[in-house]
Amino acid sequence: MSTLHFSDLSLPKAQLRNLEELGYHQMTPIQASSLPTILKGGDLIGQAQTGSGKTAAFGIGLLEAIDLKHFTTQGLVICPTRELAEQVRQEIRRLGRYLPNLKISAICGGVPIRHQIHSLSQHAPHIAVGTPGRLLDHLGRGTLDLSYTKVLVLDEADRMLDMGFADEVAEIIRYIPKKRQTLLFSATFPEDIRRMSRQFQHRPKEVVVEALVENRPKISQSVVLVEDGRDKPAVTAEILYHYRPQSSVIFCNTIATTIEVTDFLQRHRIDALALHGDLDQKDRDQVLIQFSNRSCPVLVATDVAARGLDIDDLSLVLNFDVPFDPEVYVHRIGRTGRAGKEGRALTFSLSYKQERIEMIEAALEQQFPRISASELKGAPAPLHAEMVTIEINEGRKAKISAGDILGALTANEAISGSDVGKITLLPMKAYVAIKAPLAKVAVDQIWRRPIKGIECRARVLR
Ligand code: AMP
């Protein structure tokens, strides 16, 4: 298997920098084997599952193919479900964030069509990501024009066929010029997928990578057996005391559980924050900022809330609740052990009721070792982050840059550049990670010393 780096490809410098910033230091196997063909404009049929990095493989290709000057739909991704389309849109947005004026639209059902018609009529997106029914609806009304489309991606093609979308997909493709690049991704290659490929592709290169879990031998996966569900919070604390992870996510199936577990951990002197769908946008942003700038080692999250989390190299993922679906399991644990780093995934199960974890094991054709909760004793030393976050009451709108903030802080001799971590600028606020013992000094410094002539206020986020 090739271990090419992104820098071995002919990609713009801004994209290489962006990939580094996203924490994509190395290509995943599907990326290494497909990107050379994709960037050359060739057709490709790739066997890849969620978690393999396939979205970035075709996303990088799409971004290279489009010409930003023309507001025409030059790339189209067809997905089986709204959720997948939304994930794909977000990933391409991240990959394309260095491109000014890039427009990507999700064109899916479930929202009123008139909003979409309005947005499409303003100007066409460079890249459209959608589900078959709604795409056809727009094509029928003439509100989506695919006559300039150069790259077509069929994502999770086997699921599209399973869901009965074969005719719709064929109908959509009739609106796209024959001279195009067609990329087809599918977890399996049964005969009907081969037929689809013959129908819509031209001499595609075939790429197969093994299943996710085999790709990631560095994720150690175990099941932690508990006798009583009520023991789980205490065992969670034991696990955190034991492994002392720098960054970890604990996944729960309900919002109530995330709150309960977070409270328990905080009472046991573990810095933990809850991330769930009941938080308003401001709180959600603050939680994500504190977690990603390493001011909080433990995040307790629901699956939906964690979706936008673009944090790599978690050292520990704990499934407080067994997910209902093997795909969700794969998605959760795929957040650890990224890019060759070691990762640990633990899943709680009641010892007398293991059906759900056994179902996941069967789906993944794997057996996870069992650990008894009593083996995981750790000295209950508090688990605090090395950094804390300071909030400053001005941001990008005041034309303040990260450099200005760093300058203001390090003007105090007690603070050196290496004491300051990630600086996040929002329109009206800025967040700075700083070594915990210096938090008070840093807050005082901001109050005392104007930043770019602006007197700012600051406080430590708790
Ligand atoms: P996907 O298979 O496209 O759903 O991607 C799985 C996850 O891997 C996504 O969260 C991506 O952000 C992440 N990812 C994709 N490519 C890389 C890479 N080269 N290095 C690290 N993470 C990646």
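Scroll up to find the structure.
Here goes a summary of the coordinates provided. (Residues numbered from 1 in each chain as written. Predicted model: local features only at pLDDT ≥ 70, side-chain atom pairs only at ≥ 80, totals over all residues. Heavy atoms only, no water.)

**Considerations on the environment of Thr410**
With respect to the secondary-structure elements, Thr410 resides in helix α17 (residues 402–410). When the C-alpha atoms of Thr410 and Val420 are compared, they prove to be 8.8 Å apart, with 10 residues separating the residues in sequence. Beyond its immediate chain neighbours, meaning those up to four positions away, Thr410 contacts Ile415, Ser416 and Gly417. At a separation of 2.8 Å, a polar atom in the side chain of Thr410 contacts the main-chain carbonyl oxygen of Leu406. (Helix = DSSP H or I, 4+ residues; strand = E, 2+ residues; numbered from the N terminus. Contact = heavy atoms within 4.5 Å. Polar contact = N/O pair within 3.5 Å; in protein donor to acceptor, adjacent residues only side chain to side chain.)

**Some points on helix α2 (residues 29–40)**
Within the sequence span of α2, burial applies to Pro29, Ile30, Gln31, Ala32, Ser34, Leu35, Thr37 and Ile38. Gly41 sits one or two residues past α2 and shows a positive phi near 95 degrees. (Buried < 20%, exposed > 50% of the residue type's maximum accessible area, 1.4 Å probe, protein only.)

**Considering the site of the ligand**
As a structural note, the neighbourhood of the ligand is formed by 16 residues, with Tyr24, Gln26, Gly51, Gly53 and Thr55 the closest of them. Contact between the ligand and Gln31: a nitrogen atom at 2.7 Å from a side-chain N or O atom of the residue. Here an oxygen atom of the ligand sits 2.7 Å away from a polar atom, N or O, in the main chain of Gly53. A total of 500 Å² of accessible area belongs to the ligand in isolation, and the protein chains cover 89% of it. Those elements that provide at least two residues to the shell around the ligand are α3 (54–65) and α4 (82–95). Class assignment for the residues of the shell around the ligand results in 2 nonpolar, 10 polar and 4 charged. (Near = heavy atom within 4 Å. Areas by Shrake-Rupley, 256 points an atom, 1.4 Å probe, with all protein chains shown as cover. Nonpolar A, V, L, I, M, F, W, Y, C, P; charged D, E, K, R; others polar.)

**Concerning the side chain of Asp155**
Here Asp155 lies in the loop between β5 (151–154) and α7 (157–162). If near-sequence neighbours (up to four positions away) are discounted, Asp155 is found in contact with Lys54, Phe58, Val77, Ile78, Cys79, Pro80, Leu84, Val88, Met160 and Phe185.

**A short note on the environment of Ile415**
Inspection of the secondary structure puts Ile415 in the loop between α17 and β16 (420–425). Each C-alpha atom, one on Ile415 and one on Glu238, is 35 Å from the other, the two residues being 177 residues apart in sequence. Look past the residues within four positions of Ile415 in its chain and what remains in contact with it is Leu409, Thr410, Val420, Ile434, Val441 and Ala442.

**What to know about helix α6 (residues 132–141)**
All of the buried residues in α6 are Pro132, Arg134, Leu135, His138 and Leu139. Packing partners of the buried residues in α6 comprise β2 (75–78), β3 (104–107), α5 (113–122), β4 (127–130), α7 and α8 (166–173). Backbone geometry just after α6 places Gly142 at a positive phi near 80 degrees.

**Focus on the side chain of Glu391**
Mapping Glu391 onto the fold places it in strand β15 (residues 387–392). Look at Glu391 and you get buried, because its relative accessible area is 9%. A distance of 3.0 Å separates a polar atom in the side chain of Glu391 from a polar atom in the side chain of Tyr431. Setting aside chain neighbours within four positions, we find Glu391 in contact with Gln286, Lys429, Ala430, Tyr431, Arg457, Ala458, Arg459 and Leu461.

**Here's the deal with the sheet that holds strand β8 (residues 219–226)**
Strands sit in the order β10-β11-β9-β12-β13-β8-β14 across an open sheet of 7 strands; the sheet is parallel. Of all the strands in the sheet, just β10 (272–275) and β14 (370–372) have a single pairing partner and so form its edges. Neighbour-to-neighbour, the strand axes of this sheet turn through a mean angle of 25 degrees, independent of strand direction. Bridge count for β8 against strand β13 (residues 343–350) is 8 bridges, and the pairing is parallel. When the bridges of β13 are listed, Val224 appears paired with Phe348. Of the strands in this sheet, β9 (248–252), β10 and β11 (298–302) touch helix α12 (residues 255–267), which is tilted by about 165 degrees from β11. Along the sheet face, helix α15 (residues 326–333) touches β8, β9, β12 (316–319) and β13 and points at about 150 degrees away from the line of β12. (Pairing = 2+ DSSP bridges. Axes fitted to C-alpha atoms, helices over the stretch in contact; angles between N-to-C directions.)

**Side note on the sheet that holds β4**
Read across the open sheet, the 7 strands follow the order β3-β4-β2-β5-β6-β1-β7; overall the sheet is parallel. The open sheet terminates on both sides in strands that have one partner only, identified here as β3 and β7 (205–208). Looking at each pair of strands side by side, their axes are set apart by 15 degrees on average, direction ignored. Summarising the sheet, β2 and β4 pair through 4 bridges and their orientation is parallel. Looking across to β4, one finds that Gly75 is bridged to Ile127. Of the strands in this sheet, β2, β3 and β4 touch α4, which is tilted by about 180 degrees from β3.

**Some details on the pattern of salt bridges**
Under the defined criterion, the tally for this structure stands at 21 salt bridges. Residues Glu327 and Arg159 are paired through a salt bridge, measuring 3.9 Å at the closest nitrogen-oxygen approach. Here Glu327 is found in helix α15, whereas its partner Arg159 is found in helix α7, with 168 residues between them in sequence. A salt bridge links Arg230 to Asp228, with the shortest nitrogen-to-oxygen separation between them at 2.8 Å. Judged by its relative accessible area of 24%, Asp228 falls in the partly exposed class. Each of the salt bridges in this network shares a partner with another, and the network as a whole consists of Lys54, Asp155, Glu156, Arg159 and Glu327. (Salt bridge = Lys/Arg side-chain N within 4 Å of Asp/Glu carboxyl O.)

**Details of the packing of α15 against helix α16 (residues 355–364)**
Put simply, α15 and α16 touch, their axes get as near as 9 Å, and they point 80 degrees apart. Between α15 and α16, the angle falls in the class roughly perpendicular. Between α15 and α16, the residues in contact are Pro326, Tyr329 and Val330 and Met359, Ile360, Ala363 and Leu364, respectively. (Parallel < 35°, antiparallel > 145°, perpendicular 65-115°, else oblique.)

**Some details on the nonpolar core**
Soluble globular proteins tend to bury their nonpolar side chains together. One finds Phe6, Phe58, Val77, Ile92, Val129 and Phe185 to be the most contacted residues of the largest nonpolar core, which totals 39 residues. Every element with two or more residues in this core is listed here: α2, α3, α4, β4, β5 and β6 (181–186). At 6 residues, the largest contribution of residues to this core is made by α3. For Ile92, the residues in contact, after removing those within four places along its chain, are Phe58, Gly59, Leu62, Leu63, Val77, Ile104, Ile127 and Val129. (Core = buried A, V, L, I, M, F, W, Y, C linked by side-chain atoms within 4.5 Å.)

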